[in-house]
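Structural description and commentary
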Amino acid sequence: MACCRMTIFLYFVLAVELIATSQRLIFDFIGGMYGSGLANIVNLLLCLFAAYFLFRRRCGLLLSTCIWYALWVAVNLIIILIYHEVVLVTNRKNPSDNYLLNLNTGHSSWWKRQGIDCEQVINTTTIMFPSSTPQVLEERRTIDCLVTYEWVETIQASIQIFLSLVLFCATAHYVHVGLDEDTCE
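Cut-offs and rules
- Residues numbered from 1 in each chain as written.
- Predicted model: local features only at pLDDT ≥ 70, side-chain atom pairs only at ≥ 80, totals over all residues.
- Heavy atoms only, no water.
- Core = buried A, V, L, I, M, F, W, Y, C linked by side-chain atoms within 4.5 Å.
- Buried < 20%, exposed > 50% of the residue type's maximum accessible area, 1.4 Å probe, protein only.
- Contact = heavy atoms within 4.5 Å.
- Phe/Tyr/Trp six-rings, centres within 6.5 Å; stacked < 30°, edge-to-face > 60°.
- Helix = DSSP H or I, 4+ residues; strand = E, 2+ residues; numbered from the N terminus.
- Expected span 1.5 Å × (residues − 1).

Some thoughts on the nonpolar core
- Leu10, Leu14, Leu62, Tyr69, Leu167 and Tyr174 are the most contacted members of the largest nonpolar core, which has 19 residues in total.
- Setting aside residues no more than four positions away along its own chain, leucine 10 makes contact with Leu54, Leu167, Ala170, Thr171 and Tyr174.
- Grouped together as the second largest cluster of nonpolar side chains are twelve residues, Ile79, Val152, Ala157 and Ile161 included.

Here's what the structure looks like:
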């Protein structure tokens, strides 16, 4: 009976992980953060594999997903460190313009442009060249945000870390109990 409760708990946490990762994936791709988006796709696939392995009671394969949960914690810790400019891989002018996160496309976080309760300020400048048509440059900034984009990204990464740690511990416990009771193949 305890194994059945643990299975239901694991399915529930995997479902929450899939929802949280899908939400994050959507905003990463809208914002052009392809590096973290690709990592989210890998996480989605491995969570689906974990659900399948749980359904088939494959303890050895379930144990291999524990390795991914540990790596996923590390990836999200690096993302937090990048947004808070703690590690050397950050761009000091704009942490979200990081080559690890956007694969050097020059895009920044969607939350930077569309922040929570932010006011957008658009500055336009016209540059006149002697032998060509004038060019208009637009600079968009967000001000007076309720929560800055760095903290939104940090909260998302922290949720992923929490869910991964819960999945790691629960999966390891499930495999340990399953191997003791000979219910896993």
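Examining the packing of aromatic side chains
- In the structure shown here, the tally under the stated rule is five aromatic pairs.
- An angle of 80 degrees between the planes, with centres 6.2 Å apart, marks the rings of tyrosine 83 and tyrosine 149 as edge-to-face. Taken together, the residues span a long stretch of sequence, with tyrosine 83 in helix α3 (residues 59–83) and tyrosine 149 in helix α6 (residues 149–181) at a distance of 66 residues.
- The exposure class assigned to tyrosine 83 is buried, which follows from its relative accessible area of 4%.
- Taken together through their ring pairs, the aromatic side chains of Phe49, Tyr52 and Phe53 make up a single cluster.

Concerning α3
- In this model, α3 (25 residues) spans 36 Å end to end at C-alpha, consistent with the 36 Å of a helix rising 1.5 Å per residue.
- Of the residues flanking the end of α3, it is glutamate 85, one or two places downstream, whose phi is positive at about 55 degrees.

Topic: the environment of leucine 62
- Among the secondary structure elements, leucine 62 is positioned in helix α3.
- In this structure leucine 62 comes out as buried when scored by relative accessible area, which is 2%.
- Separated by twelve residues in sequence, leucine 62 and alanine 50 have C-alpha atoms that sit 6.0 Å apart.
- Beyond its immediate stretch of four places on either side in the chain, leucine 62 contacts Ala50, Phe53, Leu54, Thr171, Tyr174 and Val175.

Digging into the environment of glutamate 85
- Inspection of the secondary structure puts glutamate 85 in the loop between α3 and α4 (99–102).
- In this structure glutamate 85 comes out as partly exposed when scored by relative accessible area, which is 30%.
- Counting along the chain gives 65 residues from glutamate 85 to glutamate 150, while the straight-line C-alpha distance between them is 10.0 Å.

Considerations on helix α2 (residues 34–56)
- The end-to-end C-alpha distance of α2 is 33 Å, a good match for the 33 Å that 23 residues give at a rise of 1.5 Å each.
- Of all the residues in α2, the buried ones are Gly35, Ser36, Gly37, Asn40, Asn43, Leu44, Cys47, Ala50, Phe53 and Leu54.
- A positive backbone phi angle near 55 degrees is found at arginine 57, which sits one or two residues after α2.

Observations concerning the side chain of asparagine 40
- In this structure, asparagine 40 sits in helix α2.
- The buried category is assigned to asparagine 40, whose relative accessible area is 1%.
- Setting aside residues no more than four positions away along its own chain, asparagine 40 makes contact with Thr21, Arg24, Leu25, Asp28 and Trp72.

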